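Below, each chain spelled out in residue letters.
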Amino acid sequence: LDGRAGGFTSSAELYVHAKNPERVRSAWLRSKTLPVTHRPDWNDVRIVRAILSLIAEALKDARMTHILLCTESCVPITTLKEAARSVLLDEICPWEEEGKSSEGKSGKSVDWD
């Protein structure tokens, strides 16, 4: 996504850390996948190493202004396009409007029961 906001140009790039890169079938997705994998397990310090590898790769791009971390194993709350527009262009997204508090802070309560 490329766009203009506040007098500057913003853009987004995708970087992927795959636990099992040999299982990635899409050539496009493989082209976005880091050459290293930490093979993290649930609640494992290797998750932090994977995140740090993604951030390090992203910061090689001098144009980088924002980093948005996502996971393939959780239900998304929005599309990637909506998330990118909100982060890069400071647009209000549906989940922000829905959870406005009286102080103007965003948030959505989640009932875990």
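Owing to the predicted nature of the structure, the values given are computational and were not obtained by experimental measurement.

**As for the environment of Val16**
Item 1. Inspection of the secondary structure assignment puts Val16 in the loop between β2 (8–11) and α1 (27–32).
Item 2. Judged by relative accessible area, Val16 falls into the buried class, the value being 16%.
Item 3. Remark: the alpha-carbon pair of Val16 and Ser53, spanning 37 residues in sequence, is separated by 9.7 Å.
Item 4. For Val16, the residues in contact, after removing those within four places along its chain, are Leu29, Lys32, Thr33, Leu34 and Leu54.

**Focus: the pattern of salt bridges**
Item 1. Tallied over the full model, the rule gives seven salt bridges.
Item 2. The residue Glu22 makes a salt bridge to Arg39 at a minimum N-O spacing of 3.2 Å. Taken together, the positions of Glu22 in the loop between β2 and α1 and Arg39 in the loop between α1 and α2 (45–58) put the pair 17 residues apart, joining distant regions of the chain.
Item 3. The partly exposed category is assigned to Arg39, whose relative accessible area is 36%.
Item 4. Across the pair Arg46 and Asp44 runs a salt bridge, and its minimum N-O distance is 2.4 Å.
Item 5. By relative accessible area, which is 17% here, Asp44 ends up buried.
Item 6. A single network of salt bridges, built from pairs that share partners, joins Lys19, Asp41, Asp44 and Arg46.

**Digging into the confidence of the model for the protein chain**
Item 1. Within the protein chain, residue pLDDT values average 74, and 64% of them lie at 70 or more.
Item 2. The element-level mean pLDDT for the protein chain is lowest in strand β1 (residues 2–5), coming to 52, with α2 highest at 92.
Item 3. A low-confidence stretch, residues 105–113 stays under pLDDT 50, and its non-local contacts, those more than four residues away or across chains, total seven contacts.

Scoring rules and cut-offs
- Residues numbered from 1 in each chain as written.
- Predicted model: local features only at pLDDT ≥ 70, side-chain atom pairs only at ≥ 80, totals over all residues.
- Heavy atoms only, no water.
- Helix = DSSP H or I, 4+ residues; strand = E, 2+ residues; numbered from the N terminus.
- Buried < 20%, exposed > 50% of the residue type's maximum accessible area, 1.4 Å probe, protein only.
- Contact = heavy atoms within 4.5 Å.
- Salt bridge = Lys/Arg side-chain N within 4 Å of Asp/Glu carboxyl O.
- pLDDT = per-residue confidence, 0-100.

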